Structures are given as structure tokens and as C-alpha cells.
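# Architecture at a glance
Next come the chains, spelled out residue by residue.
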Amino acid sequence: MARVAALPLELRSLLASLTSAEVAESQQWILRLLRGQGAAVLTALWRMLGSEADVLDAYQTAVCRLTARGQQGVGANPAGYFYRIAVNAAIETVRTRQRQKAHWPRLVESRASLPSPPGVMAVCDEREALERMRLAISELPRHLREVVILRDLGQMQYAEVARCLGITAGTARLYRRQAVIRLAELIGEEVTG
Amino acid sequence: MTGNPPAEANPRLDDSRGGDDRVSCRRGDLAKWSAEGGPLPARLSRHIERCPACRAQVSRVNRVQASLILLQGQALPPNLHARANGRALRLLRRAERASAAARDLLHCRPDLPYWQRIQFQITRMSCGVAAALLLLVIRVGVVHAAEETRDLGETLAAMYADRHINPDGHGAGGDSRLA
């Protein structure tokens with residue numbers, strides 16, 4: 001809730017208006033989820049994807065799957081389910097991007113050969129570092145990836161992460177530690193390789 | 001041989017080992033710092049000066065921490081939340097409409113008894129039959145009206161002929177209907 005309080009006033013009012021939106025009684029649970037977890041999910045998606053169109057698509061995919069599953073289908077932890085399907089949609093988008101990127105290596109090479117001013121290079125380096133990290137996160141095993149995304153990109157406390165994923169806070173800490181080591185290996189491989 | 005192997009036998013435990021920088025020592029402070037980040041502990045800092053493997057590991061973890069901080073610094077665009085929620089609401093309403101249509105479809109049971117099927121067919125055909133009857137009535141009415149008009153025209157023509165063209169009733173083709 002601290003994250004919701006940190007939002008600008010107009011966004012908070014919009015978030016609140018979700019409660020009074022005219023949707024069917026059977027879909028009220030989805031509205032409650034969007035109101036409670038929507039901000040954090042969107043923040044994590046934005047940090048994972050970095051593109052407005054992709055974030056909107058992933059968010060809509062998540063809502064679509066919630067609707068298709070229904071309240072009975074998502075189990076006892078709807079918030080965790082919401083996070084997972086949103087994260088899975090984001091991971092799928094990152095992988096698709098990577099596959100698409102594999103088809104235009106020549107373009108990247110020609111861009112790299114062009115001389116650029118130092119400021120532009122710094123921006124490119126930052127963007128590439130972010131893309132590299134996003135890709136490395138998407139290559140993590142599922143249990144490690146979910147913890148990193150919720151903890152580092154969604155900026156949740158370990159207790160919240162544990163509640164969402166149905167694990168203990170200690171396990172979440174352990175997974176996060178393993179994830180950082182694995183990410184270090186992946187980033188190291190990419191830099192040296 | 002159940003005790004721990006000596007440091008010489010396991011190069012991962014050797015604190016001052018050089019050589020392969022892909023395999024770092026198993027140091028608790030390195031693992032702890034990797035997980036928590038922040039400033040490098042003094043002991044670890046002294047250690048990496050003479051251990052290339054740990055130095056490389058610290059460098060890699062540093063890069064990971066820096067990238068994660070960079071990711072956390074990506075601020076959400078101001079109207080993204082509004083647009084995302086707007087799309088979600090539209091989707092929910094559309095889903096509700098679609099599910100109402102699906103409910104209607106589910107009501108059409110395929111395993112109806114014979115008499116119900118006949119009743120259903122009769123109900124479905126009744127509109128067509130009514131339309132056909134209506135067309136028939138209209139057609140009969142139109143044909144009948146046309147025939148009446150034709151008869152009246154013929155009668156009027158005969159009257160005209162009898163009165164003005166052949167008042168005596170003689171001549172070929174004379175038709176004396178009025179008589």
C-alpha cells in the first residue's frame with residue numbers, strides 16, 4: 001500500500017475509481033486484484049520490458065487470463081497468480097524480442113561501426129546494459145526469476161514475495177542469493193563471450 | 001575419511017589461489033555481499049587483491065547490482081497506469097458480454113426428445129409459414145383486383161361501343177353485354 005500512496009494524486013483517484021467501475025458482480029474479484037496489486041505489477045512489467053506498448057499488452061494478457069480462468073480457477077492465492085501470469089507474459093515478450101533481434105545482426109553491426117558522440121554512447125551503453133540484464137533475468141530458472149522480479153523490479157519485501165509465491169521468506173532470500181550469483185555468471189558469459 | 005579435505009586438496013578453499021578466475025573461493029562474506037550488495041567488506045577487499053577468481057566474481061556481481069539499480073530507476077510513465085486500467089476495464093466488459101452470449105448458446109441442448117425437436121422445428125418454421133401465407137394472400141388479392149379491374153374495363157368498353165359506336169346493335173363483332 002506504501003507504493004500506492006507514493007503515486008501521484010490523479011493516479012490514486014483513477015485507481016480508486018476502479019472500485020466503482022461498472023462491471024459484472026462475477027468480475028469484482030478481478031477489480032479488487034487490479035486495485036491491490038495493479039500498481040506493483042505494472043511497475044515490475046515496466047522495468048522488465050521498458051516499452052509502453054509491451055507493458056500494456058502484457059498487462060492485458062494477464063487480465064485476459066484471469067478472466068478466462070475465473071475465480072475458482074486461480075486457486076487460493078489470486079495475487080500470486082496475477083503476478084506470475086504477468087511476469088510470464090513479460091518473459092515471453094523479452095524472449096520474442098531476442099528472437100527478433102537475432103534476425104537483424106547486420107543492422108546492429110552497421111550501427112556499431114558508425115562513430116557516435118560520447119553522450120550518445122553512454123545512453124546506448126546504459127540501454128544495452130538494461131537489455132542484457134532483462135535477457136539474463138529471462139534466462140534464469142523459473143523459481144529464481146520470480147523472486148528477482150518481485151523483489152528487485154517490483155520492490156516488494158521478502159515477506160510479500162514469499163506470500164505471493166507460496167514459499168517462506170527464508171527461501172525467498174536464498175533464491176534471490178542464488179539468482180544474483182547465476183545472473184553474475186550469465187552477465188559474465190555474455191561480456192567475455 | 002569423513003572430515004573436511006585439506007585446503008591443498010580442494011583448490012576452492014584455498015584463500016590465496018591464483019590461476020582460473022572462473023572458479024571463486026567459497027567465502028561466506030562474498031556470498032553475503034553478493035546477496036545484499038552495499039560496500040565491500042574490508043576482509044573481502046583485502047582478499048580480492050590477491051585472488052583473481054574472487055576479483056572477477058566481485059566484478060560480475062557488481063555489474064549485476066548496478067544493472068538492477070539501473071532497472072529500479074526506470075520510472076513509470078505518468079499515464080501508463082490509467083491506460084492499462086482503461087484497457088483492462090474494456091476487456092472485462094467485453095468478456096462479460098461475450099459470456100452472456102455463451103450462456104445463451106449453452107441453453108441450446110443437443111439431446112432434446114423427438115417431440116421437442118418437432119416443436120422446435122415447428123416454432124422455427126412458423127415464421128416462414130406465416131410469411132408465405134401473407135405473400136399468398138397478397139398475391140390472391142392483387143390478382144383478384146387486377147381481374148376485377150380488367151372485367152370492369154371490358155364492361156365499360158362494351159357500354160361505350162353499344163352507345164356510341166354501334167347503337168343499333170348491328171355489325172360484326174358487336175358485343176351487347178348491356179342487353
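Residues numbered from 1 in each chain as written. Chains lettered and ligands numbered in written order. Predicted model: local features only at pLDDT ≥ 70, side-chain atom pairs only at ≥ 80, totals over all residues.

### A word on unusual backbone geometry
Residue and element names in this part refer to chain A.
- If you check the backbone angles, Gln155 has positive phi at about 50° while not being a glycine.
- Tracing the backbone through its elements, the reader meets Gln155 in the loop between helix H8 (142–153) and helix H9 (158–165).
- Exposure remark for Gln155: the 15 C-beta atoms within 10 Å place this residue in the partly exposed category. (Helix = DSSP H or I, 4+ residues; strand = E, 2+ residues; numbered from the N terminus. Buried ≥ 20, exposed ≤ 12 C-beta atoms within 10 Å, placed from the backbone.)

### Topic: the packing of helix H4 (residues 52–73) of chain A against helix H5 (residues 78–101) of chain A
All names here are of chain A.
- Close contact between H4 and H5 brings their axes to 9 Å; oriented N to C, the two are set at 135°. By the angle class used here, H4 and H5 are oblique. Of the two elements, H4 crosses H5, and the hand of that crossing is right-handed. Taking contact as the criterion, the partners of Asp54, Ala58, Tyr59, Thr61, Ala62, Arg65 and Leu66 in H4 are, on H5, Phe82, Ile85, Ala86, Ala89, Ala90 and Thr93.
- Of the residues that constitute the contact of H4 with H5, the class distribution is nine nonpolar, two polar and two charged. (Axes fitted to C-alpha atoms, helices over the stretch in contact; angles between N-to-C directions. Parallel < 35°, antiparallel > 145°, perpendicular 65-115°, else oblique. Left-handed = near helix turned anticlockwise from the far one by under 90°. Contact = placed C-beta atoms within 7 Å. Nonpolar A, V, L, I, M, F, W, Y, C, P; charged D, E, K, R; others polar.)

### Some thoughts on the environment of Leu33(A)
Residue and element names in this part refer to chain A.
- Within the fold, Leu33 resides in helix H3 (residues 28–49).
- Separated by 33 residues in sequence, Leu33 and Leu66 place their C-alpha atoms 9.9 Å apart.
- The residues contacting Leu33, other than those within four sequence positions of it, are Leu66, Pro78, Ala79 and Phe82.

### Focus: the packing of H3(A) against H4(A)
All names here are of chain A.
- One way to put it is that H3 packs onto H4 with a least axis distance of 10 Å and a crossing angle of 145°. You can see that H3 and H4 cross each other, and the crossing is right-handed. Of the residues in H4, those in contact with Trp29, Ile30, Leu33, Leu42, Leu45, Trp46 and Leu49 of H3 are Asp54, Val55, Ala58, Tyr59, Val63, Leu66, Thr67 and Gln71.

### Some details on the interface of chain B and chain A
- Each side of the interface is counted separately: chain B has 30 residues, and chain A has 39 residues.
- Broken down by secondary-structure element, the contributors of at least two residues to the side of chain B that touches chain A are helix H1 (28–36), helix H3 (52–72) and helix H4 (80–107) of chain B.
- At 14 residues, the largest contribution of residues to the side of chain B that touches chain A is made by H4(B).

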